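Here are the chains, one letter per residue:
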Amino acid sequence: MIVLKTGRELNIMKEACRISAGALQTAGNAVEPGVTTEEIDRLAEKYILSQGGQPNFKNYQGYPATACISINNEVIHGIPSAKRKLRAGDIVSIDLGAKFDGYHGDNAATFACGDVSPEAKRLMDVTRESLYEGIRAARAGGRVGDIGYAVQSYVEARGYSVVRQFVGHGVGTHLHEAPEVPNFGTPGRGIRLMPGMTIAIEPMVNAGKPDVEVLSDGWTVLTKDRSLSAHFEHTVVITAEGPKIMTVI
Ligand code: MF3
Ligand code: CO
């Protein structure tokens, strides 16, 4: 079921999204050589709690941390660890969210650790821009396939591929709600977009092939061909005046 949010609900959700965005910025600012992914996770959690929010990934289907931190050929769902130290040249995808007063925010970004290769930088730039292409396509009266098409065509025209096995989603009183929001699709196909819909758009882009596999820890998703991968995500509300990004500070 797709839930359209009222103005009152959107105001609460805006706060959840503001906390999510602040936590992501806090985590991203901590990315530097020598820092462990667990240290970054702690900072994010401390920030969310300090703002009156709750880390919404923690215990979600048994997930053990506040953030997912995925490095280089890891696509998503990397588990923070005291044994995992960042190194110069790594690209570090951080995905996290906060719950506030019953509503969820969800956002992600990929950060450079020190100087990264021109190829890594280009992958991050294309992935970030593909998210904005997807957001621009999220217009009331359009369809969910318009979003996927916008992301996919932008990415593939630049020689990269979009992950198919994981998709964006509705977000609200649940972290994951209907509809699914794939990063691929056909214009004019899929669910109709309506004012009051809140969705997380989250392209996962691989430098190589789109295929992914899950590591033996049961969570970490990595590229099958071990190529680099990047991930950007915003929570967005569809309004009569156009899409509005909610995960901003
Ligand atoms: N952040 C993911 C998403 O964007 C969900 C994380 S699942 C968790 O949809 F279990 F890791 F929390
Ligand atoms: Co999400």
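Counting starts from 1 at the beginning of each chain's written sequence and moves along it residue by residue. Written order decides the labels, with chains lettered from A and ligands numbered from 1. Residues qualify for local features only when their pLDDT is at least 70, as the model is predicted, and side-chain atom pairs are given and counted only at 80 or more; totals for whole chains, interfaces and linings, by contrast, use all residues. To get the side-chain values, take all heavy atoms of the structure and skip hydrogens and water.

Trainee: Give a detailed account of the coordination of the cobalt ion (ligand 2), specifying residues and quantitative values.
Mentor: For Na, K and Ca the donor cut-off is 3.2 Å; for every other metal, N, O and S atoms count as donors within 2.8 Å. Water does not enter the count, which can leave sites looking incomplete. Donor atoms from the polypeptide that bind the cobalt ion (ligand 2) are Asp106 (OD), His169 (NE2), Glu202 (OE) and Glu233 (OE), placed at 2.0 to 2.3 Å. Viewed at the metal, the 6 donor atoms of the cobalt ion (ligand 2) are separated by angles of 53 to 172°, and the geometry they form is irregular. Donor residues for the cobalt ion (ligand 2), ordered by position in the chain, follow D-x62-H-x32-E-x30-E. Highlighted residues: Glu202 in the loop between strand 11 (198-201) and strand 12 (204-206) and Glu233 in the loop between strand 15 (229-231) and strand 16 (234-239), separated in sequence by 31 residues. Residue burial is assigned from relative accessible area. The probe radius is 1.4 Å, only protein chains are included, and a residue is buried under 20% of its type maximum, exposed over 50%, and partly exposed in between. Residue Glu233 is classed as buried on the basis of its relative accessible area, which comes to 1%. Irregular is the label for any site that misses the other tests, which are tetrahedral for four donors with all angles between 85 and 135 degrees, and square planar for four donors or octahedral for six when opposite donors exceed 155 degrees and the remaining angles lie between 65 and 115. Think of it this way: any DSSP run of H or I at least four residues long counts as a helix, any run of E at least two long counts as a strand, and we number them from the N terminus.

Trainee: Describe the sheet that holds strand 8 (residues 161-162), with residues and values.
Mentor: We call two strands paired when DSSP finds no fewer than two bridges between them. Read from one edge to the other, the open sheet built from 3 strands follows the order 8-12-15, with strand pairing classed as antiparallel. Each of the sheet's edge strands pairs with one partner strand only, and the pair in question is strand 8 and strand 15. With 2 bridges joining them, strand 8 and strand 12 adopt antiparallel strand pairing. In the sheet register, Val162 faces strand 12, and the bridge partner there is Val205. The contact criterion used is simple: two residues touch if any of their non-hydrogen atoms lie within 4.5 Å. All axes here are fitted lines through C-alpha atoms, helices being fitted over the stretch that makes contact, and every angle between N-to-C directions spans 0 to 180 degrees. Seen against the sheet, helix 3 (residues 118-136) touches strand 12 and strand 15 and runs at an angle of roughly 35° to strand 15.

Trainee: Provide a residue-level description of unusual backbone geometry, including the pertinent values.
Mentor: In this chain, Ala178 is followed by Pro179 through a cis amide linkage whose omega measures 0°. Inspection of the secondary structure assignment puts Pro179 in strand 10 (residues 177-181). Of note, the phi angle at Gln61 is positive, near 50°, even though the residue is not glycine. Among the secondary structure elements, Gln61 is positioned in the loop between strand 1 (54-55) and strand 2 (67-71). Taking the relative accessible area as the measure of exposure, Gln61 reaches 65% and is therefore exposed. Phi at Arg226 takes a positive value of approximately 65°, unusual for a residue other than glycine. Here Arg226 shows up in the loop between strand 14 (221-223) and strand 15.

Trainee: Hey, could you go over the site of ligand 1 for me, with residue numbers and the actual values?
Mentor: For this description, a residue counts as near a given molecule or strand if any of its non-hydrogen atoms is within 4 Å of it. As a structural note, the neighbourhood of ligand 1 is formed by Phe57, Tyr60, Tyr63, Cys68, His77, Asp95, Asp106, His169, His176, Glu202, Trp219 and Glu233. Counting of polar contacts relies on pairs of N or O atoms within 3.5 Å, with two restrictions inside protein: one atom must be capable of donating a hydrogen and the other of accepting it, and residues adjacent in sequence are counted only when both atoms are side-chain atoms. Contact between ligand 1 and His176: an oxygen atom at 2.6 Å from a side-chain N or O atom of the residue. Contact distances for ligand 1 include 3.2 Å between an oxygen atom and a side-chain N or O atom of Glu233. Note on areas: these come from Shrake-Rupley sampling with a 1.4 Å probe, and a residue is covered only by the protein chains present in the view. Relative to its unbound accessible area of 330 Å², ligand 1 is 95% covered by the protein chains. Three categories are distinguished: nonpolar for Ala, Val, Leu, Ile, Met, Phe, Trp, Tyr, Cys and Pro, charged for Asp, Glu, Lys and Arg, and polar for the others, with Gly belonging to the last. Partitioning the shell around ligand 1 into residue classes produces 5 nonpolar, 3 polar and 4 charged.

Trainee: I'd like to hear about the sheet that holds strand 11, residue by residue, with values.
Mentor: Taken in spatial order, the 5 strands of this open sheet run 10-9-11-16-17, and their pairing is antiparallel. For this open sheet the edge positions go to strand 10 and strand 17 (242-245), each flanked by a neighbour on one side alone. Direction aside, neighbouring strands of the sheet carry axes that sit 30° apart on average. Direction of pairing for strand 9 (residues 168-170) relative to strand 11: antiparallel, over a ladder of 2 bridges. Paired with His169 across the bridge in strand 11 is Ala200.

Trainee: Hey, could you go over the pairing of strand 16 for me, with residue numbers and the actual values?
Mentor: Of all 6 residues making up strand 16, 6 are buried, and the element is well covered by its neighbours. Side-chain alternation along strand 16 places His234, Val236 and Ile238 on one buried face and Thr235, Val237 and Thr239 on a second face that is also buried. Pairing of strand 11 with strand 16, which is carried by 4 bridges, proceeds in the antiparallel orientation. Bridge pairing in strand 16 places Ala200 opposite Thr235. Bridge count for strand 16 against strand 17 is 4 bridges, and the pairing is antiparallel. Bridged to Val236 within strand 17 is Ile245. Once strand 16 ends, the chain turns through 2 residues before running back antiparallel as strand 17.

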